[in-house]
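Single-letter residue listing:
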Amino acid sequence: MVVRALDASAYTGQISPSVWPQLKAAGIEVFIPQIYGGGPGGTGPNPQLTNHVRGAIAGGLKVFSGYTWPPYKWEDAAVYWRSHLPDVPLGVMWLDVEAGAGVQHAHERGLASVGIPAGVYASRHTWQVEMDNDLTFGHLPLWVAYYAPGPWPTVLPKSPSILPVGWNPEQVKAWQWLGTTTLRDEQFDLNVVSESLIPQEEDMDATQDQRLKNVEQGIKSISAMMQGGNLSISLIKTADKPEWYALYLTEASVWVRRHVPDPRTAILMGLDGPPRI
């Protein structure tokens, strides 16, 4: 099963809060924002990210992923998301393969190191041009671009003639089936997304329960490390759940600000600022 989804970039500009409930009423369930990419001011962080995501969520749409171009800017994108939307989990970062920019396994590994799953956005043509039909990325979820004007699709594409080489149909999780389209006087691309990609409420509850358990363990661990004077980034990275540190005591956050010289590292690892519960 699929649900209807929209994506938008900085070119869309600010979107009025009144638009999102209308889109929801029209059957749109999911929004995929641009995190980093092209816009009126050039290539960089999307200045409309917060406006788009907050508006979509307030209007009843689900936001659990975002896209980045070029893919090697994944770190900037992760920092930007977590610093502007610290309470919104990023379930997938789609690495946009097109316009002279390919993807590397180092990007996938980098995202995994900060707890963000990677996905690939590509068309069959761009994958051939930018990646020479590399077969080693087919394990990642695919957001395929293939334009087929008509009514809203009710299934994801399965034909090998549509998919980038190296992916089987089971890995196709989203389909951008129509480009720039005006809806409620705003511009979006039209997509359908697999329901299997959407986090379920019970999964989110279970994740929160686990996070709270990690916090409890984290309090004990961090106290021991701080007292022993041996707290280090390497220890944090090897913890079962690095994000527990972001939920930790104010004293620990102060300690991090004093001892982690690179604020980007702190943000990526969820160690910045006051505890977020």
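Each remark here, short or long, concerns the structure printed above.
Within every chain, residues take consecutive numbers counted from 1 along the sequence as written. In keeping with the predicted nature of the model, local features appear solely for residues at pLDDT of at least 70, side-chain atom pairs appear and are counted solely at 80 or more, and the whole-chain, interface and lining totals rest on all residues. Side-chain figures throughout are based on the complete set of non-hydrogen atoms in the structure, without hydrogens or water.

Caption draft 1: Quick peek at the overall build of the chain. For helices the rule is a DSSP run of H or I covering at least 4 residues; for strands it is a run of E covering at least 2, with both sets numbered from the N terminus onward. Summing up its helical and strand segments, the chain has nine helices and nine strands in all. For the chain, buried positions account for 48% of its 277 residues. Per-residue and other accessible areas follow the Shrake-Rupley method at a 1.4 Å probe size, with only the shown protein chains counted as cover for residues. If you sum the accessible surface of the chain, you get close to 13,300 Å²; carbon and sulfur atoms cover 54% of it. Type-normalised accessible area, obtained with a 1.4 Å probe on protein chains alone, sets the label of each residue: buried when under 20%, exposed when over 50%, and partly exposed for intermediate values.

Caption draft 2: View of the nonpolar core. For this analysis, a nonpolar core means a set of buried residues of the types Ala, Val, Leu, Ile, Met, Phe, Trp, Tyr and Cys, connected via side-chain atoms within 4.5 Å. Of all hydrophobic cores here, the largest spans 49 residues; its most connected members are Phe31, Trp81, Met93 and Trp127. Among the elements that line this core, the one with the most residues is helix H3 (residues 74–84), at five residues. Ignoring anything within four residues of it in the chain, the contact list for Met93 reads Ile35, Gly66, Thr68, Trp74, Ala77, Ala78, Leu111, Ile116, Pro117, Ala118 and Gly119. Two residues form a contact once any of their heavy atoms are found within 4.5 Å.

Caption draft 3: Local environment of the side chain of His107. Looking at the secondary structure, you find His107 in helix H4 (residues 105–113). The exposure class of His107 is buried, given its relative accessible area of 6%. Dropping the residues within four chain positions of it, His107 is found in contact with Pro71, Tyr72, Trp74, Leu95 and Gly102.

Caption draft 4: Quick look at unusual backbone geometry. The omega torsion across Trp69 and Pro70 is -5°, close enough to zero to call that bond cis. Take Pro70: it is sitting in the loop between strand S4 (65–68) and H3. Even without glycine at this site, Arg184 takes up a positive phi of about 50°. If you trace the backbone, Arg184 turns up in the loop between strand S8 (172–183) and strand S9 (186–194).

Caption draft 5: Quick peek at the environment of Asp87. Along the chain, Asp87 falls in the loop between H3 and strand S5 (92–96). Under this definition, polar contacts are N or O atom pairs within 3.5 Å; protein pairs additionally need one hydrogen-donor-capable and one acceptor-capable atom, and for neighbouring residues in sequence, both atoms have to be side-chain atoms. Within the structure, the side chain of Asp87 is placed 2.8 Å from the side chain of Arg54, a separation counted as a polar contact.

Caption draft 6: Region of the structure containing the pattern of salt bridges. Within this document, salt bridges are pairs made up of a side-chain nitrogen of Lys or Arg and a carboxyl oxygen of Asp or Glu, the two lying within 4 Å of each other. Applying the stated criterion across every chain, the model contains three salt bridges. For Asp87, the salt bridge is made with Arg54, and the minimal N-O distance between the two is 2.8 Å. A residue pair is termed long-range when its members are at least 10 positions apart, and Asp87 in the loop between H3 and S5 and Arg54 in helix H2 (residues 49–58) qualify at 33 residues. Residue Asp87 is classed as exposed on the basis of its relative accessible area of 53%. The shortest N-O distance in the salt bridge between Asp76 and Lys73 comes to 3.4 Å. The partly exposed category is assigned to Lys73, whose relative accessible area is 24%.

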